[in-house]
Amino acid sequence: MQRAVGSLPLGPALRARLAAAGFQTAQELLDTGPCGLSREIGISKEEALETLQVVRQECSGDAARTAGGAGTTRKCTALELLEEEQAQGFIITFCSALDNILGGGVQLTKITEVCGAPGVGKTQLCMQLAVDVQIPECFGGVCGEAVFIDTEGSFMVDRVADIAAACVQHCQLIAEAHQEEDHQKALETFSLESILSHIYYFRCRDYIELLAQVYLLPDFLSEHSKVRLVVIDGIAFPFRHDFEDLSLRTRLLNGLAQQLIIIANDHKSAVVLTNQMTTRIGQSQSTLVPALGESWGHAATVRLIFHWDKSQRLATLYKSPSQKESTIPYTITPHGFRDVQPPAVTQNTESTEMNPRKRPRREEEK
Amino acid sequence: MVVLRAGLCPGLTEEMIQVLRANGVRTVVDFVSSDLEDVSQKCSLSYKALVAVRRVLLAQFSAFPANGADLYEELKSSTAILPTGSPSLDQLLDSGLYTGEVTELMGAPGSGKTQVCLSIAASVSLSLKQHVLFLDSTGGFTASRLYQMLQAQAEDEEEQASSALQRIQVARVFDVYEMLSALQEVRDHLSQQAVSCTGPLKTVLIDSVSAVIHPLLGGRQSEGLAIMMQLARELKMLAKEFSLAVVVTNQVTRDSSTGLLKPALGRSWSFVPSTRVLLESKGAPWEEATTRRSASLAKSPRQPTGMQVELDIG
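Predicted, not measured: the structure shown is a model, and the values here were computed from it.

1. A few points about the overall build of chain B
The number of helices and strands found in chain B is 13 helices and twelve strands. For a compact globule of 314 residues, the expected C-alpha radius of gyration is about 20 Å, and chain B comes in at 25 Å, more than 25% above that figure. Principal-axis analysis of the C-alpha atoms places the extent of chain B at approximately 85 × 50 × 40 Å. Looking at the 314 residues of chain B, the share that counts as buried comes to 52%. Of the roughly 14,200 Å² of accessible surface on chain B, a fraction of 53% belongs to carbon and sulfur atoms.

Set out below in C-alpha cells:
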C-alpha cells in the first residue's frame, strides 16, 4: 500500500536507517524482500524478517478495512453508538441528586474524576460505588464486580461492610414491596459475603507499582470478565511527592490516561479516579484547583469537584460531555453516601433511612 | 531520496543500475545532480540513454509550477465553506469552515471543545446531508448528546435526526498508530472513490490530537516530534488533495515560567493549522454554572487575530 514508512510502528533507529537508504513507502519495503533489506540497511536477516512481518500486518490490516472487513479500528455510525449507549446501564450512587446531575449515575466506558479537599467524602463515594456496581439488574444495577486500587491506604473494610449491609437492606425492602420472582432469586445471591468477595483489592505503594498495576490490568480483566468498575483511590498521591522531573510526570500521566481509556472502552467498565486539591497562588488571591496540573484535566471525561460550603457538602459537575454544570448538596450517613434530607421529613418509598438523620456526620468524620 | 530501481522508467535496466551503483550513484538525486558525461565515461554507458533517463526522472519527480490565476480558479471551484452550527462562530471563522484547511480548537478542560465538534458534525450532517468522520481519542463522544443537538436543530422530523446520525461515522482510536491507520484508510477510500459507506465525505473531526501525541513528546528522544510531523503531513495532505475540512482539538498547558495558559504540543505544531480558535469559559467553575463560552481567534489567514465572540454550548 502507499503507507509512508514514517507512519509504521518501528523503532527509531530502524526508521532512521530506512530513511537514509531511501525507502519511502511500505510497498517498496515489501518488494525488496528480507535478504535485499538486510543487505541495504545493514541489519541481520532475522531483524529484516521481523520488520517485514510488522509491515505486512499493518498493510493487510489496512487492506481488510478498505475492503469492508472488520478491522481492529473500532468504527461504527453514530446511530449504532446511540443504541449502544441507551442500552447501557449506569452505576447509581444512592444519592438521587448526584445521579440526576450525572444523567443517571456513573457512566460505563468513561473516566470519572472526583476531586476534593481532604475529608470531603471521595473515598466514601468510591466505597459506595464498589458496592453499588454489584446490585442485580432487576433492582436497577449493572450486576458487575469491582477492582479497587488503593494508593493511600484509606480503604476500611468494616466501613464497606456497613455500606454493603445497608444496600442489601434497601434491596430487601424493595423486594418486599414488589413481591416478584426474580427479585427473590437475586436476593439469594446478593448478600454481604458475596459483595465483599467480588471487590478485588490492590494496594500500590508508589508510582511504579501503580503504573505496573494499570498496565497489567487488561490481563486481569480478561480473566474476570464481570468487572464493571475500576476505582483508583488517590491517583495524585504517588505522583506528587518525590518527583523531580515534571515533564516525565506529565508524560507518565498522559500515558496512564490513555491506557485507562482503552481499558474502559474494551471492557465496558467505568473508571473512577480520585484527585487531591492544591492551591494556585494568583496575582491577588489564591484558589483551590485540582492537583496534577492542567494537562491532567483533559484525561478525565467527567469531572466532579467536592467542596464545603460552611458545614454543607456540595458536589459540582465541572466537566461532562452531555450534562450541564450544576451543584447539589449531599451527605454521608452511617449507611453511606446519601441525599440531604429536606427539613420537613416526607417518607417516600425510595428512602431507606429507618431513623431520619438528626445531625450531619461531622463529628464521626474527623 | 528515492532509490534507483529497475521499473522506475523505461530505459533504466537492471544492469545499468548495478553499474551506476558500483560508481556511487544510488538515488534519483545522485543521478540527476551528477555530471552525465563523467558518468557515461566511467560506466561506459551511452550518453544519449542517460540523458533520456534523466529527462523522464525529472518529469516524474519534480514539482510543477503553476501560476496564481490557475490556482485561484481551482480554489474557487473546489473550496466549500461549511456552517459550524453556531452563527457567532461562523462569523469568527469568516462565514464558516473552509475545506482544504486544518482548523484547530484549543481550550482548557471543560471549555467546550467536544461540544463545538459535536455541533459541527450535527450541522454538516443535517443541513448539508454530507458524511462526517469523527475520530475520538478521549472517549468524550456521547451519542445521546449529539442526538439532542440534532433534535434541537431539526425541530420537526425524527427520522431526519436518525438519518443524520447514520451519516456520522465514529472511530475510536486511542493510539497514534491507530490514528495514522484510520487516516490512511480514509485516503484509500477516497482515492478509490468507493461509495460503500463513506459517501461524499467533506469533514474530518479529530478529538483530540494532543491526547495521542502528548505521551510521546518530551524527554531526550525526538521520536515523538517525528510522529507528530508525520500526522501533521497526513492531515494536510488529506485536506488539500480531497478538499476536506479537517478540525482538530488541542489541549492547553500552563507555561512554567509565566504562568499563562498556552496550547499544548509546542511551537512545531503551531505551524500546522491555518486557523486557531481559543475557547474559554467565563468565571470560576464552581461559583456559577454557565453554558456561555468565549471564543477568540488566535491565528487566521483571513481575519484579524484577537476577534472575540460569545458562544452558547447549552
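Past the structure itself, the notes keep going.
2. Quick look at the packing of aromatic side chains
For the coordinates displayed, the defined rule picks out ten aromatic pairs over all chains. With centroids separated by 4.9 Å and ring planes inclined at 45°, the aromatic side chains of Phe-306 of chain A and Tyr-330 of chain A adopt a geometry described as tilted. Here Phe-306 of chain A is found in strand β11 (residues 302-309), whereas its partner Tyr-330 of chain A is found in strand β13 (residues 326-333), with 24 residues between them in sequence. Take Phe-306 of chain A: its relative accessible area is 1%, and that puts it in the buried class. Taking the ring centre of Tyr-98 of chain B as reference, the NZ or CZ of Arg-302 of chain B above it sits at 3.6 Å.

3. Some words on the sheet that holds strand β4 (residues 111-116) of chain A
Residue and element names in this part refer to chain A. Spatially, β6-β5-β7-β8-β4-β11-β12-β13-β14 is the arrangement adopted by the nine strands of the open sheet, whose pairing is mixed. Edge positions in the sheet fall to β6 (199-203) and β14 (336-338), since each of these pairs with one other strand and no more. On average, each strand axis in the sheet is tilted by 25° relative to the strand beside it, whichever way the strands run. Of the pairings in the sheet, the one linking β13 to β14 comprises three bridges and is antiparallel in character.

4. A few points about the interface of chain B and chain A
How big an interface is tends to be expressed through the accessible area that disappears when the partners come together. With 68 residues of chain B at the contact, the number on the chain A side is 62 residues. Of the roughly 5,600 Å² buried where chain B meets chain A, counting both sides, 55% is carbon and sulfur surface. For the pair chain B and chain A, the interface holds one salt bridge. The residue Glu-325 of chain A makes a salt bridge to Arg-293 of chain B at a minimum N-O spacing of 3.4 Å. Inspection of the chain B/chain A interface yields eight residue pairs in polar contact (both at pLDDT 80 or more). Contributing elements (two or more residues each) for the side of chain B that touches chain A: α7 (113-127), α8 (143-154), α9 (158-166), β5 (168-172), α10 (176-192), α11 (209-213), α12 (223-242) and β8 (252-254) of chain B. A total of eleven residues in the side of chain B that touches chain A trace back to one element, the largest contributor, which is α10 of chain B. Residues of the side of chain B that touches chain A, tallied by class, amount to 29 nonpolar, 24 polar and 15 charged.

5. Some points on the domain arrangement of chain A
Taken domain by domain, chain A consists of domain 1 (5-63) and domain 2 (88-339). Using only C-alpha atoms to locate each centre, domain 1 of chain A and domain 2 of chain A end up separated by 45 Å.

6. Some points on the side chain of His-298 of chain A
Inspection of the secondary structure puts His-298 of chain A in the loop between β10 (286-290) and β11. His-298 of chain A sits in the buried class, given a relative accessible area of 8%. For His-298 of chain A, the side chain forms a polar contact with the main-chain nitrogen of Val-252 of chain B, separated by 3.5 Å.

7. What about the state of the cysteines?
All names here are of chain A. Counted according to the given criterion, the structure contains zero disulfides over all chains. In this structure Cys-115 is a free cysteine whose sulfur lies 11 Å from that of Cys-126, the closest cysteine sulfur available. The buried category is assigned to Cys-115, whose relative accessible area is 0%.

8. A look at the pairing of β10 of chain A
All names here are of chain A. Here strand β9 (residues 277-281) pairs with β10 via five bridges, running antiparallel. Considered in β10, the bridge of Thr-279 is made with Leu-288. Between the end of β9 and the start of β10, which pair antiparallel, lie four residues.

9. Quick word on the packing of helix α4 (residues 78-87) of chain A against α9 of chain B
Close contact between α4 of chain A and α9 of chain B brings their axes to 6 Å; oriented N to C, the two are set at 110°. In this view, α4 of chain A runs roughly perpendicular relative to α9 of chain B, as classed from their interaxial angle. Where α4 of chain A abuts α9 of chain B, its residues Ala-78, Leu-79 and Leu-82 of chain A lie against Ser-162, Leu-165 and Gln-166 of chain B. Counted by class, the contact of α4 of chain A with α9 of chain B contains four nonpolar, two polar and no charged residues.

10. Thoughts on the pattern of salt bridges
Residues and elements named next belong to chain A. One pass over the full model with this rule turns up nine salt bridges over all chains. Of the charged contacts, one joins Lys-268 and Glu-84 as a salt bridge, the two residues approaching to 3.9 Å between their closest N and O atoms. Residue Lys-268 is located in the loop between α12 (246-266) and β8 (270-275), and its partner Glu-84 is located in helix α4; the two are separated by 184 residues in the primary sequence. The class of Lys-268 is partly exposed, set by a relative accessible area of 36%.

11. Brief notes about the UniProt feature "domain: RecA family profile" (unreviewed entry) in chain A
UniProt records the feature "domain: RecA family profile" (unreviewed entry) at residues 87-277 of chain A, using the numbering of this structure. For residues 87-277 of chain A, the end-to-end C-alpha separation is 35 Å, with 51% helix and 18% strand making up the annotated structure.

12. Quick word on the nonpolar core
All names here are of chain A. Counting 49 residues, the largest nonpolar core has Ile-91, Leu-98, Leu-229 and Phe-306 as its most contacted members. The greatest single-element share of this core, amounting to seven residues, is contributed by helix α7 (residues 157-178). Sequence-distant contacts of Phe-306, that is, excluding residues within four places in its chain, are made with Val-114, Cys-115, Gly-116, Ala-117, Val-120, Gly-121, Leu-125, Leu-314, Ala-315, Tyr-330 and Phe-337.

13. What to know about unusual backbone geometry
All names here are of chain B. Of the consecutive residues Asp-207 and Ser-208, the connecting peptide bond is found in the cis state with omega at -10°. When you line up the elements, Ser-208 lands in the loop between β6 (201-207) and α11. If you check the backbone angles, Asp-94 has positive phi at about 60° while not being a glycine. Tracing the backbone through its elements, the reader meets Asp-94 in the loop between α6 (87-92) and β2 (97-98). Here Asp-94 falls in the partly exposed class, since its relative accessible area comes to 26%.

14. What about the domain arrangement of chain B?
Along its sequence, chain B is carved into domain 1 (14-61) and domain 2 (75-312). Just the C-alpha atoms count here: the centres of domain 1 of chain B and domain 2 of chain B sit 47 Å apart.

15. With respect to the confidence of the model for chain B
Close reading of the predicted structure is inappropriate where its pLDDT is low. Residue and element names in this part refer to chain B. Considering every residue of chain B, the mean pLDDT works out to 82; 91% of them sit at 70 or more. Ranking the helices and strands of chain B by mean pLDDT puts strand β7 (residues 245-250) first, with 92, and helix α1 (residues 14-22) last, with 78. Interface confidence for the predicted complex, expressed as ipTM, amounts to 0.75; the pTM equals 0.80.

16. Quick look at the packing of helix α6 (residues 122-132) of chain A against α7 of chain A
Residues and elements named next belong to chain A. Direction vectors running N to C along α6 and α7 enclose 50°, while the axes themselves pass 10 Å from each other. By the angle class used here, α6 and α7 are oblique. As α6 packs across α7, the resulting crossing turns out to be right-handed. Listed contacts from α7 to Gln-124, Met-127, Gln-128, Val-131 and Asp-132 of α6 are Arg-159, Val-160, Ile-163, Ala-164 and Cys-167. Considered class by class, the residues forming the contact of α6 with α7 number six nonpolar, two polar and two charged.

17. A closer look at a nonpolar patch on the surface
A cluster of nonpolar residues, Val-157, Leu-192 and Leu-196 of chain A, forms a patch on the protein surface that exposes about 210 Å² of accessible area. You can see Leu-196 of chain A is positioned in helix α9 (residues 192-197).

The rules behind each value
Positions within a chain are numbered from 1, following the residues in the order the chain's sequence is written. Labels follow written order: the first chain is A, the first ligand is 1, and so on. Under the rules for a predicted model, residues below a pLDDT of 70 receive no local features and side-chain atom pairs below 80 are neither given nor counted, while totals for whole chains, interfaces and linings still include all residues. The side-chain quantities take in all heavy atoms of the structure and omit both hydrogens and water. Helical segments are the DSSP runs of H or I of at least four residues, strand segments are the runs of E of at least two, and each set is numbered from the N terminus. In this description the radius of gyration comes from C-alpha coordinates, and the expected globular size is given by 2.2 Å times residues to the power 0.38. Three labels apply to residues, based on accessible area from a 1.4 Å probe with only protein chains included: buried if under 20% of the type maximum, exposed if over 50%, partly exposed otherwise in between. Only the protein chains shown count as cover for residues, and the accessible areas themselves come from Shrake-Rupley with a 1.4 Å probe. Aromatic pairing here means that ring centres of Phe, Tyr or Trp (its six-membered ring) are within 6.5 Å. Orientation follows from the plane angle: under 30 degrees is stacked, over 60 is edge-to-face, and everything else is tilted. For a lysine, the NZ atom is tested; for an arginine, the CZ atom; a charge sits over a ring if that atom is within 6 Å of the ring centre and within 35 degrees of the ring normal. Two strands pair under a simple rule: DSSP has to find at least two bridges between them. Here, axes are lines fitted to C-alpha atoms. For helices the fit covers the stretch in contact, and angles between N-to-C directions go from 0 to 180 degrees. Throughout, a residue-residue contact means that at least one pair of heavy atoms, one from each residue, lies within 4.5 Å. Summed over both partners, the accessible area lost on bringing two parts together, with a 1.4 Å probe, is the buried area. Every case where a carboxyl oxygen of Asp or Glu lies within 4 Å of a side-chain nitrogen of Lys or Arg is listed as a salt bridge. Any pair of N or O atoms that falls within 3.5 Å is considered a polar contact. Within protein, one atom must be able to donate a hydrogen and the other to accept it, and sequence-neighbouring residues count only if both atoms are side-chain atoms. Ten residue types, Ala, Val, Leu, Ile, Met, Phe, Trp, Tyr, Cys and Pro, are classed as nonpolar, four, Asp, Glu, Lys and Arg, as charged, and the remainder, Gly among them, as polar. What marks off one domain from the next here is an automatic or database domain assignment. Disulfides are defined as cysteine sulfur pairs within 2.5 Å. By definition in this entry, angles of less than 35 degrees are roughly parallel, angles greater than 145 are roughly antiparallel, angles of 65 to 115 are roughly perpendicular, and the rest are oblique. UniProt positions are given in the numbering used here, feature names are shortened, and annotations may be inferred rather than shown by experiment. Note on terminology: a nonpolar core comprises buried Ala, Val, Leu, Ile, Met, Phe, Trp, Tyr and Cys residues joined through side-chain atoms within 4.5 Å. Think of pLDDT as the predictor's per-residue confidence, scored from 0 to 100. For any helix crossing, the convention is left-handed if the near helix is rotated counterclockwise from the far helix by under a right angle, and right-handed if that rotation is clockwise. For patch building, the residue pool is restricted to those with more than 30% relative accessible area and no salt bridge; the joining distance is 9 Å between like charges and 5 Å between nonpolar side chains (Val, Leu, Ile, Met, Phe, Trp, Tyr).

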